[in-house]
Amino acid sequence: MKLLDLQLRHYRNYEDLEIQFNPGVNIFIGENAQGKTNLLEAIHVLALARSHRTNHDRELIQWQAKTAMLKGNVERFPGKLPLEIQINATGKRVKVNHLFQQRLSSYIGNLNVVLFAPEDLELVKGSPQLRRRFMDIEFGQMSSRYLYNISQYHRQLKQRNQYLKQVEQAGKLDSVLLGVMSDQLIASGAQIIHTRYQLIQQLETWAQELHQHISRQKETLTLKYVTQVTVNDQTTVEEIQSQLKTLLEKSQAREQMLGTTLVGPQRDDLQFLVNDQNVQKFGSQGQQRTTALSVKLAEIELMKAQTGEYPLLLLDDVLSELDDNRQTHLLTAIQDKVQTFLTTTSLDGVAKQLIQDPSIFRISHGQVSKE
C-alpha cells in the first residue's frame, strides 16, 4: 500500500498544497511550528478520518476558512483508489473512489497507517485508557467488523450509563429495559473481547521476535490481555457472552448505586511483561522504549497479515527519542518494505546513514519545497 500524492486546501497552515510522494522514505524537515507535523497529521486524517492530536475538527480548518479538504490517491490491490475528506463546522464528509460514504466504517480501512510519535512511549507507562484507544484504532483498521462492534458498543454503553444515572437519581428501575440494554451490550462486548484476544496473541508473536533482536537476545517480551472474563485460544464468543451476563447480574446493585456500568471491555487493559516483570511498573526507561518500538513495528506485520498489504508508517519526530541501537533497528526493519513518512528538525547520525534514497521536503511557514 502506497500514498501516491496528497492535496490539501485550507488545512491547518496549508492554504493550497499538492505534493507527490516517494514509494520509499519521505522526510519532512523543518524547524518547530513550521507545519511538518501538520503534514504528517493530514496523512493520518486521510486514513482514519480523525487527528491523533486533537478531538476538535474545527482546529483542522485554516483560520477564517469554513471548510478544509484533503485528497489522496492510494495505490493498493487491485489498483489506484482516490480518497477525499471534507471537514466543516458541522462534521466530515468522506468519499471513496469519488463516491460519498454514509458511514465512516465504510471509509476507514482503505488507507492503513501506523503512527509512532514520542507520546507513543506512553503506551507502555501511561493509563489503561491509552492502551484501549491503541487497540481500538489499530484493530479497527484491520477489521471493519471490529470497528462496527466498537462503535455500537460505545453507543450502547452511553445509553446504559445514562439510564443507570437516572435510576441512581430517581430510585426507580425498569428491570426489563435494563435487561434489553444489557443484552445489547453483552453481544457487542463479547465480540470485542474475542477479537482483541485473538489479535493480541498474533501481535505478541512479532513483538517478541523484534524485542529479542533489539535487546540482543537478553529479554523476552510478553503481552497480556487483561479483561474481566476468562479467555483463551479455545474460548468462544458465546462463552464470553455467558460470562459477561453473569458478571453484570452480580454487579447490578452496585451499578445502580454508582450510576455506571462496571463490566465490559471499557475496563480492559494490556500489560507488557519483560522477563515476566511488568515493564510499566518495574521497567527502565530503555526497556519501556524498546517495548513501545517492538509493539509498533509488530503492528506493521500484523496489519500485513490481516489486510494483505503493508500500511504506511508515520514517524513524528521519534528518531530524536531513540538511541543509535533503536534507530538502527527501526530503520532497518522498514527498509524496502513500508512507505514511510518521517518528520525531523535535522537528519544526521545513524538515520542519515541508513535511509536509502529518500525524498526530502523542506518545510517553512506552510510552504513545501523538495530537495
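Quick note: structure is the one above.
Throughout what follows, the structure given in this document is the object of discussion. Quick caveat, the model's predicted, so the values are computed rather than measured. (Residues numbered from 1 in each chain as written. Predicted model: local features only at pLDDT ≥ 70, side-chain atom pairs only at ≥ 80, totals over all residues. Heavy atoms only, no water.)

**Notes on the overall build of the chain**
- From N to C terminus, the chain includes 10 helices and 15 strands.
- Relative to the 2.2 N^0.38 estimate, which gives 21 Å for 371 residues, the radius of gyration of the chain is 22 Å and therefore close to what a compact globule would have.
- When its C-alpha atoms are laid out on the principal axes, the chain stretches across 70 × 55 × 40 Å.
- For the chain, the residues scored as buried account for 54% of the 371 residues in total.
- Put simply, 69% of the contacts in the chain that link residues at least 6 apart link residues at least 24 apart.
- Summing over all exposed atoms, the chain offers an accessible surface of approximately 17500 Å²; the carbon and sulfur share of this is 46%. (Helix = DSSP H or I, 4+ residues; strand = E, 2+ residues; numbered from the N terminus. Rg over C-alpha atoms; globule rule 2.2 N^0.38 Å. Buried < 20%, exposed > 50% of the residue type's maximum accessible area, 1.4 Å probe, protein only. Contact = heavy atoms within 4.5 Å. Areas by Shrake-Rupley, 256 points an atom, 1.4 Å probe, with all protein chains shown as cover.)

**Some thoughts on the pairing of strand β14 (residues 359-364)**
- Two elements, strand β3 (residues 25-29) and β14, share 4 bridges in a ladder whose sense is parallel. Bridged to Asn 26 within β14 is Ser 359.
- Pairing geometry for β14 and strand β15 (residues 367-370), over 4 bridges, is antiparallel. Bridging from a neighbouring strand, Ile 363 pairs with Val 368 of β15. (Pairing = 2+ DSSP bridges.)

**Re empty space enclosed by the protein**
- On inspection of all chains with the given rule, the structure shows 2 cavities of 30 Å³ or more.
- Taken as a whole, the largest cavity encloses approximately 40 Å³ of empty space.
- The wall of the largest cavity is formed by Tyr 153, Leu 185, Ile 186, Leu 244, Leu 248, Val 263, Gly 264 and Pro 265.
- Residues that form the lining of the largest cavity fall into these classes: 7 nonpolar, 1 polar and no charged.
- A volume near 30 Å³ is recorded for the second largest cavity.
- As for the second largest cavity, its lining consists of Leu 121, Lys 125, Gln 285, Gln 288 and Arg 289.
- Of the residues belonging to the lining of the second largest cavity, the class tally is 1 nonpolar, 2 polar and 2 charged. (1 Å grid on protein atoms, 1.4 Å probe; cavity = no way out; pocket = protein on both sides within 12 Å on 5 of 7 lines; lining within 4 Å. Points joined across faces, edges and corners; volume = space filled by probe spheres on them. Nonpolar A, V, L, I, M, F, W, Y, C, P; charged D, E, K, R; others polar.)

**Brief notes about the sheet that holds strand β8 (residues 113-116)**
- Strands sit in the order β8-β12-β13-β3-β14-β15 across an open sheet of 6 strands; the sheet is mixed. Two strands lie at the open edges of the sheet, namely β8 and β15, each paired on one side alone. Looking at each pair of strands side by side, their axes are set apart by 20° on average, direction ignored.
- Here β3 runs beside strand β13 (residues 340-344); their pairing, made up of 5 bridges, is parallel. (Axes fitted to C-alpha atoms, helices over the stretch in contact; angles between N-to-C directions.)

**Some thoughts on the pattern of salt bridges**
- Within the structure shown, the criterion is met by 19 salt bridges.
- Here Arg 53 and Glu 41 are joined by a salt bridge, their closest N and O atoms 3.1 Å apart. Of this pair, Arg 53 sits in the loop between α1 (36-48) and β4 (67-76) while Glu 41 sits in helix α1, placing them 12 residues apart in sequence.
- Here Arg 53 falls in the partly exposed class, since its relative accessible area comes to 39%. (Salt bridge = Lys/Arg side-chain N within 4 Å of Asp/Glu carboxyl O.)

**Topic: the packing of aromatic side chains**
- What the rule picks out here adds up to 6 aromatic pairs.
- For the ring pair Phe 21 and Phe 28, a centre distance of 6.3 Å and an interplane angle of 50° mean the geometry is tilted.
- Exposure remark for Phe 21: the relative accessible area of 11% places this residue in the buried category.
- Geometrically, the ring pair formed by Phe 21 and Phe 361 is edge-to-face, given 6.2 Å between the ring centres and 80° between the ring planes. Highlighted residues: Phe 21 in the loop between β2 (14-20) and β3 and Phe 361 in strand β14, separated in sequence by 340 residues. Neither residue differs from the other here; Phe 21 and Phe 361 are each classed as buried.
- An aromatic cluster of three or more residues is present, and its members are Phe 21, Phe 28, Phe 341 and Phe 361.
- The positively charged end of Lys 304 is found above the aromatic ring belonging to Tyr 310, 5.4 Å away from the centroid. (Phe/Tyr/Trp six-rings, centres within 6.5 Å; stacked < 30°, edge-to-face > 60°. Lys NZ or Arg CZ within 6 Å of the ring centre and 35° of its normal.)

**Here we look at the layout of surface pockets**
- The computed volume of the largest pocket comes to approximately 870 Å³.
- Lining the largest pocket are 32 residues, with Arg 50, Asp 136, Ile 137, Ile 150 and His 154 positioned closest to its centre.
- Contributions of two or more residues to the lining of the largest pocket are made by α3 (128-142) and α4 (144-170).
- Ranked by the residues each element gives to the lining of the largest pocket, the list is headed by α4, at 9 residues.
- The residue makeup of the lining of the largest pocket, split by class, is 12 nonpolar, 12 polar and 8 charged.
- In this structure, the second largest pocket spans a volume of roughly 320 Å³.
- What lines the second largest pocket is a set of 17 residues, among which Leu 115, Asp 120, Arg 133, Ile 137 and Lys 296 lie closest to the centre.
- Looking at the lining of the second largest pocket, the elements with two or more residues in it are α1, β8, α2 (122-125) and α3.
- In terms of residues, the lining of the second largest pocket owes the most to one element, α3, which gives 6 residues.

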